[in-house]
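Structure assessment
One-letter residues, chain by chain:
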Amino acid sequence: MRFPMLISLLRPIGPVIIGISLGFTLSLLSESWVEESCVINSITDEGIILSQDGSLKGARRPNSISTGNDDGEEEEDFQPRIIPFKPVEQSQPKKIFRAKYISTELGIRERLFVGIITSKNTINTLGVAVNRTISHHLDNVVFFTGTRSRKIPHGMVVVTHGDERLIWNMFQTIKYILEHYITEYDWFYLAQDDTYTQADRIKALVDHMSIDRVLYMGSPEVFIGGEMQGRYCYGGFGFLLSRSLLLRLQPFLENCRNDILSARHDEWLGRCIIDYADTSCVEQFEGQKYYYYEMGKNPDPSKEDNVQFNNALTVHPVSDPEQMYRLHKHFTEIQLQKTYEEIEKLQAEIKNVSVVAFEGNRSALWPVGINPPFEPKTRFEVLRWDYFTEDQVYSCIDGSPKCELHGIDKLDVADVIETAMGELNKKYKPVLHLKKQKFINGYRRFDPTRGMEYTLDLQLEVVNQKGHSRSITKRVHLVRPLSRIEIIPMPYVTEATRVHIILPVTLQDRERVRRFLDVYATNAFETSENAILTFLFIYTPFEAQQVNQNDIFASVKAQISAYEHRYPMFKVPWISVKSGSPSQIKFMDLISKKHPVDTLFFIATVETSVNSEFLNRCRMNSINNWQVFFPIHFQFYNPHISYHNQSLPNTMDLVKESGHFDRSSFTEACFYNSDYMMTRTRMSSDVQENEEILENLDIYDIFVRYSGLHVFRAVEPALNQKYSYQPCNPHLSEDIYQRCVQSTLDSLGSRSQLAMLLFEQEQGNST
């Protein structure tokens, strides 16, 4: 019994005992196999044990480090080496170059470049005609000529090579394209100025071809003599060159100029392309054909009635500008007719599909293809219909119940009535003929989703084929849809430009300068705005004589000195002028001479509240040699009228009850000095004939009349003026004086506020 019990007790710990026994046994066996080193070991600086012969030993054990040797030589004590910590020097990060435009960074190029070969004798005639017929269809059109006259036609990019030899001009043209445009475009179209080009068809042609093809496309012609293999593209009908072809030709262009002799510039280019690019001219490629037509002696395009002419991409030769314009009119009518046919086809397809739609024909809204009307969600979003007649409209901008139709509004109403009569006769002819007897009612509203909608009630005289007539009343609905939105390319501008703020100050303005400086110091000095404020003190002749005894602007100058002392980083210069007539142009002439041509000016008033938000918009909306900016500030009403019988708020919001955008004021302006100097130069001849023009016009007028720049005028919520009574100078010109009076009257209060004030006064007088 004891033995089985002992076995049962030892059974759980049996494997442990066996494992320990095997461990001891294996450790003893391994100890006998490992050979102890009898030589002196040395330790390197890195702590690796090396024998005398330099061989690397096994894993180091603590008892394997010797302190002596058998030869009696003392071993050097082990000295640990402390390596000082050296922080890793962080190199300056490389500045990453980012392209100005995303398309440049992604390598996206424009599709088509157009070059026109012209001459000094034809650039002002045929060259202008070519530019007028294709420039608004294409992004970039450049005219290449040997020499040119002093006067360049307006709106044309002209490159002069300095020599009238045709082959030299062709060589220089290809070289210029390779140097300036090869990285920006995929296709290059070259033609002569006596060639009419259907721009839209050329664009459609290149849109259907791969950009990596080596292609020389045009009207193939056999070389003179017929000995050379291949064909060249006749220059009269124009030709297309791919970017890949020009890149292949680029290293050998000088060889072509030196080695190839030819009597024609297009034949010379064809020989060069065949010899060095191994490419011949083709008329058809990848299912696309280059259509062209040779114009006969008949100058009237309408009599050229054949398929080849109507499908042509180019027509040659064109003898004079009048024929160029006739060709353009003819092909434009063809394109317009095709567009109308496509619209009718799409409308028919929409009607056919709407039959099987969930709502049936109701899903095909009128007019077909136009966005559905705006659906208001609440009663506040309901669009208002305005009632009008042929002479008056019963909804006015100023809130009047009725005002006269004039200008573009009157032309709009006349055009709508004429269109309605035309469509009615088109619908009922030849059975009936309709004549307008009377325009009864008209309603219109602007729908932001589709355009301007009209409802007309017309009294018509209906005449049938037998001559019988009767009078009826007809209601018609019309829609003037919103046209396609066009993105206009604008030059690149930044918000880093320094703004020079010019503040004219007269005797009547000096009391309001302190408030202007307080606002300006908060918004410009304390924020380190990149702007310079310059005061323009305007003295009358009498005030200028008394300046040493009694300077009327002494208090203002003291205030300026106080702000300069408070903000030593900023200086506020001033300019003093003497003038008997308050001419804005004369003052600006003086300031312009004292500043560089690239200076950005902002003309302000003492009532202007300048802030960073507006100054940034001034920088963005003023583009040198392109656009000037005339902001429309928000004018607060007289608070005693707008808040009559109410407590005045600490801050006033930009709402219609507190003020309005003053469209009668043109005093504030942003423009570059170079644009002003150019405008003044253009009006110099008129000034010589009539010097009073400087006093009759302001800066806005001269930019509109003489600059040729975009005059951008828009409401500016960041620019506002507090109310203050400003008397108008009677010495101003009639137009400027009337604008000043109108601005002063409009700033009193809204029509409803003034009417309520008058009503209360009448009620008080009656009691």
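Residues numbered from 1 in each chain as written. Predicted model: local features only at pLDDT ≥ 70, side-chain atom pairs only at ≥ 80, totals over all residues. Heavy atoms only, no water.

A count of helices and strands for the chain gives 24 helices and 29 strands. Within the chain, buried positions represent 39% of all 767 residues. The contacts of the chain with a sequence gap of at least 6 include a subset with a gap of at least 24, amounting to 68%. Surface summary for the chain: the accessible area is close to 47400 Å², and the carbon and sulfur share equals 54%. (Helix = DSSP H or I, 4+ residues; strand = E, 2+ residues; numbered from the N terminus. Buried < 20%, exposed > 50% of the residue type's maximum accessible area, 1.4 Å probe, protein only. Contact = heavy atoms within 4.5 Å. Areas by Shrake-Rupley, 256 points an atom, 1.4 Å probe, with all protein chains shown as cover.)

Moving on to the packing of helix α4 (residues 123-134) against helix α11 (residues 321-355). Each packed pair of helices is defined by two parameters, the angle between the axes and the distance between the axes. Where α4 meets α11, the axes come as close as 9 Å, and the angle between the chain directions of the two elements is 15 degrees. Between α4 and α11, the angle is such that the two are roughly parallel. In terms of crossing hand, the pair formed by α4 and α11 is right-handed. Where α4 abuts α11, its residues Thr125, Leu126, Val128, Ala129, Val130, Arg132 and Thr133 lie against Pro321, Met324, Tyr325 and His328. Across the contact of α4 with α11, the residue classes break down as 7 nonpolar, 3 polar and 1 charged. (Axes fitted to C-alpha atoms, helices over the stretch in contact; angles between N-to-C directions. Parallel < 35°, antiparallel > 145°, perpendicular 65-115°, else oblique. Left-handed = near helix turned anticlockwise from the far one by under 90°. Nonpolar A, V, L, I, M, F, W, Y, C, P; charged D, E, K, R; others polar.)

In sheet architecture, strand pairing relies on hydrogen bonds along the backbone and comes in two forms, parallel and antiparallel. Pairing within the open sheet is mixed, and its 3 strands lie in the order β7-β15-β14. Each edge of the open sheet carries a strand with a single partner, namely β7 (196-197) and β14 (292-294). Bridge count for β7 against strand β15 (residues 314-316) is 2 bridges, and the pairing is antiparallel. The residue of β15 that forms the bridge with Tyr196 is Val315. (Pairing = 2+ DSSP bridges.)

This brings us to the side chain of Ser579. By secondary structure assignment, the location of Ser579 is in the loop between β24 (574-578) and α16 (584-593). When sequence neighbours within four positions are dropped, the list of residues in contact with Ser579 reads Tyr539, Thr540, Pro541 and Phe587.

What follows covers the state of the cysteines. Applying the stated rule across the entire model yields 5 disulfides. Covalently, Cys396 is tied to Cys403 through a disulfide, its sulfur atoms 2.3 Å apart. Here the S-S torsion is close to -115 degrees, and the disulfide linking Cys396 with Cys403 is therefore left-handed. Residue classification places Cys396 among the buried positions, given a relative accessible area of 14%. One disulfide in the model links Cys728 with Cys740; its S-S distance is 2.0 Å. In this structure the cystine formed by Cys728 and Cys740 twists about its S-S bond by roughly -90 degrees; its chirality is therefore left-handed. Linking Cys728 in the loop between β29 (710-721) and α23 (734-746) with Cys740 in helix α23, this pair joins segments that are 12 residues apart in sequence. Accessibility expressed as a relative area gives 17% for Cys728, which makes it buried. For Cys740, a relative accessible area of 23% corresponds to the partly exposed category. (Disulfide = S-S within 2.5 Å.)

Ranked by size, the top nonpolar core spans 40 residues in total, and within it Leu112 and Val315 carry the most contacts. Among the secondary structure elements, those contributing two or more residues to this core are β3 (110-117), α4, β4 (141-145), β6 (185-192), α6 (199-207), β14 and α11. No other element matches α4, which puts 6 residues into this core. When residues no more than four places from it in sequence are discounted, the contact partners of Leu112 are Leu138, Tyr185, Trp187, Phe188, Tyr189, Ile202, Lys203, Val206 and Leu240. (Core = buried A, V, L, I, M, F, W, Y, C linked by side-chain atoms within 4.5 Å.)

Before going further, it helps to spend a moment on the pairing of strand β22 (residues 499-505). Moving residue by residue along a regular strand, the side chains alternate between the two faces of the sheet. Most of β22 is tucked away, with 6 of its 7 residues classed as buried. As paired elements, β22 and strand β23 (residues 531-539) share 7 bridges and run parallel to each other. Within β23, the position partnered with Val499 by the bridge is Ala531.

Attention shifts here to the packing of helix α19 (residues 673-682) against helix α22 (residues 699-707). Between α19 and α22, the shortest axis-to-axis distance is 9 Å and the interhelical angle comes to 70 degrees. Taken as axis vectors, α19 and α22 run roughly perpendicular relative to one another. In terms of crossing hand, the pair formed by α19 and α22 is left-handed. Seen from α19, the contacting residues are Asp675, Tyr676, Met678, Thr679, Arg680 and Arg682; seen from α22, they are Ile702, Phe703, Tyr706 and Ser707. Looking at the contact of α19 with α22, its residues break down into 5 nonpolar, 2 polar and 3 charged.

In the numbering used here, UniProt assigns the "coiled-coil region" (unreviewed entry) feature to residues 329-356. Helix makes up 96% of residues 329-356 and strand 0%, with an end-to-end C-alpha separation of 42 Å. (UniProt positions renumbered as here; feature names shortened; annotations may be inferred.)

With that settled, the discussion passes to the pattern of salt bridges. Here the idea is simple: oppositely charged side chains can pair when their charged atoms come close. Inspection of the entire model under this criterion finds 31 salt bridges. Notably, a salt bridge pairs Arg444 with Asp412, separated by 3.5 Å at the nearest N-O pair. With Arg444 in strand β19 (residues 432-447) and Asp412 in helix α12 (residues 408-428), this pair connects stretches of sequence that are 32 residues apart. Given a relative accessible area of 10%, Arg444 falls into the buried group. Residue classification places Asp412 among the buried positions, given a relative accessible area of 14%. Between Asp589 and Arg680 there is a salt bridge, with the nearest N and O atoms lying 2.9 Å from each other. Separated by 91 residues along the polypeptide, Asp589 in helix α16 and Arg680 in helix α19 bring together distant segments of the chain. Take Asp589: its relative accessible area is 18%, and that puts it in the buried class. (Salt bridge = Lys/Arg side-chain N within 4 Å of Asp/Glu carboxyl O.)

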